[in-house]
Amino acid sequence: MIGVDVGGTFTDVVAVRDGQLTVTKVPSDAAQPAAAVIEGARRIGVEGSAVFNHASTMGLNAVITRRLPKVAFLTTEGHRDILDRGTLRRPLDGQTDPSWRRPFGDAARPLVPRYLRRGIVERTLADGSELRALDEAQARRQLAVLRRCAVEGVAICLLNAYVDATHERRLRELVHEELGADVAVSISSETSPLAKEYARASTTVVDVFMKLIFGRYSAQLDEELRALGFAGDLHFADCAATLLPWREALEKPFRIVFAGPAAGTISSTRLGAALGTGNLLCADVGGTSTDVSLVVDGAPFVNNTFEIEHDVVINALSTEVSSVGAGGGSIVSISPSGDIRVGPESAGADPGPACYGRGGEQPTLTDACLLMGILDPGGFAGGEMALDPELARRAFAALDTPLSFEQRVAFAYRIAVANIAEEVMNVAVRHGVDPRDFSLVAYGAAGPMLLPAALELLHVARVIVPPQPGLFSAMGLLSTDLVHYESRSAYVLLMPDAAADVEERYKEMEQALRARVDANGATIRRSLDGRLLGQSWETPFVEVGDGAITAETMPALVERFHDAYERRYGNRFPYVPVQGVTYRVELVVGADKLEYAEVAAAPDPEPAGTLELRYLDDEPLQASVYDRDALGLGATIRGPAIVREPLSTTVVMPGQTAAVGRFGEIVIEAQP
Amino acid sequence: VIRDLDDAAFAERYGCDRFTATVLANRFGYVVEHMCSRLLTAAFSPILRDFYDFAGTIAGPPASDYATPAMSNSIVLFTGTMTDSVRNTIEEYGPERLEPGDVIVANDPYRTGTHVNDMLFVRPVFHDGALLAFVNLKAHQLDMGGAVPGGFSCTKRTVYENGLVLSPRPLYRRGEPVQETWSLIFDNVRFGEILFPDMQSVCAGLQLGERLLIESAQRYGARAMLGTIDYVCDANAERIAAALAELPDGRWEGWDMADCDGVDDSEEYRVQVAITKRGERLEVDLSGTSRQARSCINATALDVKTTVGVALKYLLDPRGAFTSGLYRNVDIVLPEGTVVSAMPPDGAVFAYYEQSQVMISALLRALAGCAGPRAIAGDRGGTDIHNAFGARPDGSPWVSAAQCGGEVGPFGGTREGDGDTQMLSYQANGIGVAVEQIEADVPVVMVRHEPVPDSAGPGRHRGGASMLRDTMWLGPTEHHLMSLRAKRVAGFGVEGGRDGRAGGVWVFDPPADGLDGAPGTGPEAYAAARPLAGVVDPETNVLDPAGRYVYPFDQAGHSTPPGAILRYLNTSAGGWGDPFERDPEMVKRDVRDGYVTIAGAARDYGVVVVGDPDEDPEGLTIDLGATGRLRGQPPRR
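Now for a description of the structure that goes with this document. Here the structure is a predicted model, which is why all the values come from computation and not from measurement.

This part is about unusual backbone geometry. Residues and elements named next belong to chain A. For the bond running from G343 to P344, omega is 0°, close enough to zero to count as cis. Its place among the elements puts P344 in strand β22 (residues 340-346). The amide bond that connects G639 to the next residue, P640, takes the cis arrangement and shows omega of 5°. Tracing the backbone shows P640 in the loop between β31 (636-638) and β32 (641-645).

What follows is the structure in structure tokens.
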């Protein structure tokens, strides 16, 4: 089996064959996105592989950069500006900054310019009744304008179509009649039949973009993989890093707009399961940022929406990943009050940190780690690249601050560690968990050199550095299931007399799923998003449980809602009626997964040498240096120490002990 | 300055090293965010949950003079009141009486700012037996008693009509509810079933904030915590001082007006501002401001403080959160008994936020004098909130609060670009409730909600356009308006940009053939309408600056029969810079997108666009020769 994670800079490929893990990295090519994937496939060999699991941030990047196909938006007349309005709210930064504009508004960079958003004469009411018939002649006149503008796709979202889809379906027929059978069309009542027009409309618009972006790409990928001898199944990962057969994914491709970071969370979950620990804080330290996510009792924390950028919301199940602007390339600067700041600006891959010697003059976190002795000037990125400590030194020396040179480097490292620790803490607090019961999984190429230092700030039980930390996210693609889901909205008070109505909705969705998917051996999961009557925020993912919903079982369902509410918000209001809003069925088909190979026992590690670790303390520390490949089960290392492997470096801080586990993972704890 | 302090001096002044101060400063922000999101995601009241009508802060102990290093991402209307309201509340209650687990409440506008519905909750945080800090939430309660359900009104005349006033008192003592306080509140308010869980959610948020601060104190020590509170406020004061130093010295004036109060239209209410800037200091003098209004459209001194702070942040310190250090270099001169410094019992305070909008307009006009290209054009100057009530056929009551009027409106142009058309006003923030949710909850059909062509205040960067919203009410309905800014254009232009246009409110009789017969948007449609607010031609009812002013509060509420259509048209916002210098391609884009007509492009921008924007939007071209001729001879204005 093969997993491919297409990132902005690199395409990571991991393969497992006969229990053996092989990996490769290929530079990504934004102009020809399939080329890097095919090159990776060629290098690693696809013949005989059962699955090829693909994750990509291509969709998200297209939306963020607005490199998008020309798409039109049809909605009820009088309402075409719902896409300019969004949910209206301004973020903190926008409250007192007069230069703030809604980034997707008409005054900035709309996803669909106003002239391609057309109103259609028709009207359905909230109860599904028709107030005004669809005016087909008027619709055809609007479509004639779109034909003249040569749009490639059309998104349709009519008001209250989540209750009754008749007008949307007819309008889709008209679109094909007027614009041709091959124009890409999505209608909101099929793409995401959930209440609240803005999120449904933006989901539908993104869906059409993804149909156009992924449509050609997927067919080409499938064909070229076949030409390389691949005879298995091509799967796409979605925002929760669950998998879908590629043709099915293309029916609702908004789901795959952003797949990548979630794979790291899945990978952590898998490793946690192998190690027998289900409570994990996951931190993926990359070049520009750190992505933090949470696993409780072996399950990643999943949301019912995903925000592509400020207020560009789609109704996709997505693993909650929060980001802080601290990574290896984060720039070190001085604030007006003289504090050292790290990030959020980043030197990126080009010019990159000063020590790369590609013209970067501002110091970065990577430069700090080099000066501290953590990074090896000769052995970076698998030895492919030399780092120049003199350039790093000059960059720090050039900062305009009275702080001493030692303080600049030391504070940069400590501030970055503190910023990441604060974000991890933040995620824990937001979900009401106590970090002392959790292990911190440190991955991404830069994770193992920063996160062990966060152990004392965070009071997590331990830091776990997995095998292959730089490719750990991609390994998540070999650790996940196929998940098909359907959801529907209806505002229904959860009272015994509504049981038959709610049960009927679930049955309909289950039938739709079973018609699509071979459900043999699959498990079915029902959940609902509800609210206390009077609230506008929903409490998501209330487990509905097995068995039919009846007047007798309804009170138990309502109790489960109150339990979920209390877990989330700390209060319980049993006297307030509960209203169901969104009903969801997930059909989970288990897939083969990566098995971690055990490492041989080698309890007495030999250091490969020693080095000076600078700026961690007043005096330089003598640290032992180990080669990770030579470490086996039972090896115990006392900090300060450095563990090197081709793509990463692990730091064991003074006062910490690192122990190598069954699968080669390094477990770092504070010495008692 | 802080930047030049060496390690020893920094540690001496702030009780910790720079690194710790940076970490704790971040932590304060997080703590406030967590307190607020706990409240927000649990709130029942639509005002709270949809309009972020609350604020959370951390404040230092009395010895730090309640210095406030962190404030929430909610609405800025509360910001300037928070430090003083916590101080006034605790000093009156007696800091020596506080114990762990207490929650003190107060809601008197003359003590705590804003209005009676905004209840302040203060929880002391103790560490090692000493008072370390306070965590505070001030949150809008759906009702506080008084003559009008929900309180939103311009017509209440005294404190006695306005609502229940709570002087500082305990809601919890040592973690136990104080029954007489809860009973006092629930004996006097409506919608208790909503207030009760909302107040509990507020207290849960405070408890979380307390826990997080105590954990921080255990790790970093009380001295570092207190030092960092001062550090954050000092740093903000330094940023303001440095930015003030860069502005020219001088004195500038600005003004703006509310049309009337809720008694009659015999009196307009003016806010007069003179700002004097010398070196690193600024004085804001409101002498010459009108006497307090006869009904509850007044504000208090603490609201003046808020708006001065907001204006300064806009121009001088746009990034980052509010702190009490913002005000250190600013003096405010405010006579007693004005419309923005009202006194009890007759100077009733409810629509304080409308005065805040008048004030920000006056301040931005004055600051435009010294800000040069950083000047900001006016927005629509008010909130234009609409409320409606009725009963369904089965007799059950329904309420539509701030969902179907002129709430969504434009921002002004700035140096950075055009103003957005769909925003709340400058000092408000919130969530636009989904049309589908409104229609599921209330018997109304949203007919249209769109910008009006050619309405935006022209400029090199134009203002946002007027939004026109038509709603059809399916049952008998009573409408309540709060339109105080329809008499003149609020959206002023700056730096050569032009003013926006005025707005109004009308009601149309039920069309005979339902939605198909709904009124159009052209001038001919208005003859059949009844104007409720605005300055209109007496014959055609079309907006006309020379026409008749329609006073919106003749009746407390306006009743409409089933099927009637209500129309709101906002004032549009002002432009920034000379419209004849606007990039012709941007003008063409506005024509293509329907924000500007071909005639408007020539008249307002001197750009001749050729083609048919409706049928062939991509076929539009610019006649460069004709544009050059028009722009060579801009029309006199």
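Having seen the model, we can carry on.
So, on to helix α11 (residues 352-371) of chain B. Residues and elements named next belong to chain B. Spanning 20 residues, α11 covers 27 Å between terminal C-alpha atoms, matching the ideal 28 Å at 1.5 Å per step. Most of α11 is tucked away: 18 of the 20 residues are buried. G372 sits one or two positions beyond α11 and adopts a positive phi of about 60°.

Moving on, we get to the pattern of salt bridges. Going through the model one piece at a time under the given rule, you end up with 87 salt bridges over all chains. D434 of chain A serves as the salt-bridge partner of R436 of chain A, at 2.8 Å between the closest nitrogen and oxygen. The exposed category is assigned to R436 of chain A, whose relative accessible area is 56%. With its nearest N and O atoms 3.2 Å apart, the salt bridge here joins R173 of chain B to E99 of chain B. Here the residue R173 of chain B occupies a position in strand β6 (residues 169-173), and E99 of chain B occupies one in the loop between α4 (79-93) and β3 (103-106), the gap between them amounting to 74 residues. On the basis of relative accessible area, E99 of chain B is assigned to the partly exposed category, the value being 26%. Beyond isolated ion pairs, a larger network of salt bridges with shared partners links E136, R140, R147, R170, E173, E177 and E178 of chain A.

Taken together, the contacts link 85 residues of chain A with 91 residues of chain B. When chain A packs against chain B, close to 7,900 Å² is buried across both sides, 49% of that on carbon and sulfur atoms. On the chain A side of the contact with chain B, R90, T96 and W537 of chain A bury the most area, a combined 9% of that side's loss. The interface formed by chain A and chain B contains seven salt bridges. Here E618 of chain B ties to K70 of chain A by a salt bridge, and the two come within 2.6 Å at their closest N and O atoms. Counting across the interface, chain A meets chain B through 46 residue pairs in polar contact (both at pLDDT 80 or more). The element contributing the most residues to the side of chain A that touches chain B is helix α13 (residues 405-430) of chain A, with 12 residues. Here the residues of the side of chain A that touches chain B are counted per class, giving 39 nonpolar, 18 polar and 28 charged.

Moving on: the sheet that holds strand β20 (residues 558-560) of chain B. Residues and elements named next belong to chain B. Ordered in space as β13-β12-β16-β20, the four strands form an open sheet in which the pairing is antiparallel. Two strands lie at the open edges of the sheet, namely β13 (397-401) and β20, each paired on one side alone. Adjacent strand axes in the sheet meet at a mean angle of 20° when their direction is disregarded. By the bridge criterion, four bridges tie strand β12 (residues 386-391) to strand β16 (residues 477-481) in an arrangement that is antiparallel. Bridging across to β16, H386 finds its partner in L481.

Attention shifts here to the nonpolar core. Within soluble globular proteins, side chains that are nonpolar generally end up buried alongside one another. Residues F121 and L171 of chain B are the most contacted members of the largest nonpolar core, which totals 276 residues. Apart from residues no more than four positions distant in its own chain, L171 of chain B is found in contact with V103, V105, F121, E176, P177, V178, T181, W182, I185, M199 and C203 of chain B. L221, L225, W246 and F258 of chain A belong to the second largest nonpolar core, which has 85 residues in total.

Below, the discussion takes up the sheet that holds strand β5 (residues 71-76) of chain A. Residues and elements named next belong to chain A. With respect to topology, four strands assemble into an open sheet ordered β6-β5-β9-β10, the strand pairing being parallel. Here the strands that pair on one side only, and so sit at the sheet edges, are β6 (117-120) and β10 (184-187). The sheet shows a mean angle of 20° between the axes of neighbouring strands, taken without regard to direction. The pairing of β5 with β6 spans four bridges and is classified as parallel. Along β6, the bridge assignment pairs T75 with G119. Strands β5 and β6 of the sheet are contacted by helix α5 (residues 136-148), whose axis makes an angle of about 170° with β6. Along the sheet, helix α8 (residues 197-227) makes contact with β5, β9 (153-156) and β10, crossing β10 at roughly 155°.

This part takes up empty space enclosed by the protein. If a probe as big as a water molecule is rolled over the atoms, it shows which places are left empty. All names here are of chain B. Scanning the model with the defined rule gives 11 cavities of 30 Å³ or more in all. Here the largest cavity is characterised by a volume of approximately 150 Å³. Lining of the largest cavity is provided by 17 residues; of these, D384, S483, R485, A486 and T571 occupy positions nearest its centre. Residues of the lining of the largest cavity, tallied by class, amount to six nonpolar, seven polar and four charged.

All right, on to the side chain of T401 of chain A then. Residue placement: T401 of chain A occurs in the loop between α12 (389-397) and α13. With sequence-adjacent residues up to four places away left out, T401 of chain A is seen in contact with I334 and R408 of chain A.

Conventions adopted
Residues numbered from 1 in each chain as written. Chains lettered and ligands numbered in written order. Predicted model: local features only at pLDDT ≥ 70, side-chain atom pairs only at ≥ 80, totals over all residues. Heavy atoms only, no water. Helix = DSSP H or I, 4+ residues; strand = E, 2+ residues; numbered from the N terminus. Expected span 1.5 Å × (residues − 1). Buried < 20%, exposed > 50% of the residue type's maximum accessible area, 1.4 Å probe, protein only. Salt bridge = Lys/Arg side-chain N within 4 Å of Asp/Glu carboxyl O. Contact = heavy atoms within 4.5 Å. Buried area = accessible area lost by both parts, 1.4 Å probe. Polar contact = N/O pair within 3.5 Å; in protein donor to acceptor, adjacent residues only side chain to side chain. Nonpolar A, V, L, I, M, F, W, Y, C, P; charged D, E, K, R; others polar. Pairing = 2+ DSSP bridges. Axes fitted to C-alpha atoms, helices over the stretch in contact; angles between N-to-C directions. Core = buried A, V, L, I, M, F, W, Y, C linked by side-chain atoms within 4.5 Å. 1 Å grid on protein atoms, 1.4 Å probe; cavity = no way out; pocket = protein on both sides within 12 Å on 5 of 7 lines; lining within 4 Å. Points joined across faces, edges and corners; volume = space filled by probe spheres on them.

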